[in-house]
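# A closer look at the structure
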Amino acid sequence: LHISRRSMLLQRSRCHYNYNSSHCYNFSTSNASSSRNVVPRALYRQLLCWCRRNEGVPFNTLPPLTLAPPQVNPLALGRLKEMRSFLDRNSDDLDGNHVKVGQNNHPAHYALYKEDIVVKDNLITFPEIRDTNELRSVIRSVYWLNNEHTRANIENAQEGSDSSSGGGADEDQKGQISLAFEAIKSCNELSSNELDSRLKKRESSIEVRNSKEGVPLFHVGQVIQHKKAKWRGVIVGWAIDEAKTSGQLSKDRLTSLTTKQYEVSAAESDTATNEDGTPPMKATVKYTILVDMNDSSLLHLSKSISLESEEDLVPIDQPGLRRIQNHLIHQYFSKFDPNEGGHFAPNKVLKFVYPLDRFSNDGNGGIEESVDPSSQDAKAKVSLSPELQHACEAITNGIQDIGQRLLPPVLELNKQQLNDDNGVVSLASTLLSSLQSMSLENERGISSPSPLDSAISSIKKLNQFYAKLIALEWSHDIHKKNENTIDFKLGQTVKHKLFNFKGVVVAWDPKPHMDVSQWDGLQNVDNPNEKPFYHIRPDINDCIREFGGPRTWRYVCQDNLEPYDLKHGRIELEMELDEEEWGWDKENGWFAPSEEIRFMHAEGVGDNEEAIVETIQKLKEIISDCFLSVQGNGSITGLYSLDDLFCLLNSVGKLEDATTVQDMIKEVFKEFPDSSLRKQLDAGISELIDGKTKQALETFSDIVATEPSYGEAWNKKATVHYMLGERAAAIEASNKALETDPRNFQALAGIGLVEMDALNDKEAITAFQRCLELNPWSMVSARLSICMNRRARSSSKADSVDE
């Protein structure tokens, strides 16, 4: 590869080549081989030409590509696997580190050094393709694998083997040529569906920005508000419709989206005319806007995207109102950037289409360099403040420490439990896998391109592990209390008495989770809302016969089920059960659930049940001690703090990341040194979820009477008072929570809600703003906007009366 100390590897594989000035590889082959390569070379050059023609034009990430013989040469594939293994073993000796992908011109370089490529004896999988540079590298790698010269050299290297290029060579080449034609077809479809239109939009946006200064007024990524409707949104695109005079516009029948017009030139006036006496040309600037989902809900708009004229929009001056929440945000923007008052950073597609917009202009004309997100170059581009850098490192290292503290109880449980005879994994193995994956990710940084992302990933892993423990314990307790009411076991095959479909029991509920009194088939069942219900995976053929099409699952009352013996016929499911969660019970002749599923349903765990309960309790106690230390009330040192979490919360640029941090802060707020009061708080929350509002109020009142310093109990008490319409009591309880910790943003949001309902906009605005200072991604921003608009209208009316 023309790289010192790597040449020995290529000599071993005998891949000698000459490289000429036209960047084309001249291989020493026979005339017959050259004639066989005419078509593949022509297709190869056509694919490279397509890549050059679309250089720099972004496209949506293409999924991973998996190839197998005859699409790729199996001999070359085997040799590539050997070469990659050799490089992995000797990476430290070969110049100290790997050469960056894309910095070497040999066609095999990408296949050799790209870490995410998976190579097996008869299979190669390329990772997601993000741009034309990576697509070109994949094309060159496949061509190198299939080239006649590569095949010949490998066969010559296999001295004494039976391998030859004859026999199946022609058939292999047919498959490879077919692959090339499919690639050309896919590339052309990509051009016609995406790339060509993006090029045209780019040219148009550049022309408009260069022709008139200040036109359009707003930019992609900017947050605006509708003048009349008062909803907020972020701009994802704009276009100008011109070609009509103002006279024509007034005569034509227009839709609501085209009636609003705006003059391109500030020099033009209503009385100006062209040389021929006709009214001047005017243009309509239309913006495509993602509407904030909370605004849409509160204002009863029922829309997430809107097309609006420029004159109907105004910029938002309040930084706290600029974090728009919309489920489509991630498709257009990489993150929210708090700089310049706050805006959304356009992704590579929007930067390319609107390169001269304020937030797209990064000096590259909207054309981004190809950078591997896991590379050091990508990490270097992320600049963090010293405070945020410290917070991220403290959180990542602290959670790794928590993971190490959680390992001993799980390892002890794992010693007692091995995979059972049915082939499904034990619960201890599942817990151990979760902890190990969290530790490995933190240590290696596999998917953490920056300290901030690493901290978020660590929090997410711990949140998921803690939520799993709570779910295991809660589900086991609920089902344990109702196990005597159940007639059918997990994995048992059953049949519906009325609708005659067979199925497998995969879960059951002591009572249905919704009102089922009006469901078909329950007319003759007494009080079905109090009967056990089963989650059934039905037979696909029975569903087609009974319901006219396949069904993934059915929710069935116990009274309508009866056992079904597989001797009468097998069950064919639309989707097979997860192999890691379900095996086969040979003794009983039905499906066997994993130990985790059995434990959650308090079924068939046997002697392991007590050990699992004790282990879960130990794990929860460890996490509780750690969260108390995060509060500043525990004995463990060296962990992160609430200050670190709030620093991270104020810095994240995505709603999902903010939600992850919020969830951890809420769990930390719940912890209390007295474990009995903590359990009592959980009981009150369960009562509140079940709709037992008054019982929950009594529970929370008992807690604060016992320990007035339990801030989260006051906060939950305030929530119940608000639900009962007791607003004064709700504000009093929220203030008690804030006395314990002034950073309780949930308590501030609660005060704002009460004041807003009472039309005390000034007080509501104050509470909401304090909440957003702590938690910028809080949903109260929509309510703050309403209160501010309402207060502005009141001030305007008062001024009119004074005049």
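Residues numbered from 1 in each chain as written. Predicted model: local features only at pLDDT ≥ 70, side-chain atom pairs only at ≥ 80, totals over all residues. Heavy atoms only, no water.

## Observations regarding the pattern of salt bridges
- Going through the model one piece at a time under the given rule, you end up with 26 salt bridges.
- Notably, a salt bridge pairs Arg743 with Asp643, separated by 2.6 Å at the nearest N-O pair. In this pair, Arg743 sits in the loop between helix 25 (727-740) and helix 26 (745-757) while Asp643 sits in helix 20 (residues 642-649), placing the two residues 100 residues apart along the sequence.
- Exposure remark for Asp643: the relative accessible area of 52% places this residue in the exposed category.
- A salt bridge links Glu667 to Lys670, with the shortest nitrogen-to-oxygen separation between them at 3.4 Å. Separated by 3 residues within a single helix, Glu667 and Lys670 lie in helix 21 (residues 655-670), roughly one turn from each other.
- Judged by its relative accessible area of 17%, Glu667 is buried.
- With a relative accessible area of 17%, Lys670 lands in the buried category.
- Where salt bridges share partners, they join Glu667, Lys670, Glu671, Arg678 and Asp682 into one cluster. (Salt bridge = Lys/Arg side-chain N within 4 Å of Asp/Glu carboxyl O. Helix = DSSP H or I, 4+ residues; strand = E, 2+ residues; numbered from the N terminus. Buried < 20%, exposed > 50% of the residue type's maximum accessible area, 1.4 Å probe, protein only.)

## A look at the layout of surface pockets
- Approximately 1600 Å³ is the volume found for the second largest pocket.
- The wall of the second largest pocket is formed by 47 residues, among which Ile470, Trp474, Ser475, Ile478 and Ser686 lie closest to the centre.
- Going through the elements one at a time, helix 16 (451-481), strand 14 (502-509), helix 19 (608-631), helix 21 and helix 22 (675-689) are the ones with two or more residues in the lining of the second largest pocket. (1 Å grid on protein atoms, 1.4 Å probe; cavity = no way out; pocket = protein on both sides within 12 Å on 5 of 7 lines; lining within 4 Å. Points joined across faces, edges and corners; volume = space filled by probe spheres on them.)

## Focus: the sheet that holds strand 4 (residues 118-120)
- Read across the open sheet, the 3 strands follow the order 3-5-4; overall the sheet is antiparallel. Across the chains shown, the open sheet's two edge strands, defined by having one partner strand only, are strand 3 (65-67) and strand 4. Adjacent strand axes in the sheet meet at a mean angle of 10°, parallel and antiparallel pairs treated alike.
- Sheet topology places strand 4 next to strand 5 (residues 123-126); 3 bridges connect them, and they run antiparallel. The residue bridging Lys120 from the neighbouring strand is Leu123, located in strand 5.
- Across the sheet, helix 6 (residues 132-146) lies against strand 3 and strand 5, angled at about 165° from strand 5, the strand it touches most. (Pairing = 2+ DSSP bridges. Axes fitted to C-alpha atoms, helices over the stretch in contact; angles between N-to-C directions. Contact = heavy atoms within 4.5 Å.)

## Let's talk about the packing of helix 23 (residues 693-706) against helix 24 (residues 711-723)
- Direction vectors running N to C along helix 23 and helix 24 enclose 150°, while the axes themselves pass 9 Å from each other. Compared by their axis directions, helix 23 and helix 24 come out roughly antiparallel. Read as a crossing pair, helix 23 and helix 24 show a hand that is left-handed. Between helix 23, through Thr693, Ala696, Leu697, Phe700, Ser701, Ile703 and Val704, and helix 24, the contact on the second element is made entirely by Ala713, Trp714, Lys716, Lys717, Val720 and His721.
- Class assignment for the residues of the contact of helix 23 with helix 24 results in 8 nonpolar, 3 polar and 2 charged. (Parallel < 35°, antiparallel > 145°, perpendicular 65-115°, else oblique. Left-handed = near helix turned anticlockwise from the far one by under 90°. Nonpolar A, V, L, I, M, F, W, Y, C, P; charged D, E, K, R; others polar.)

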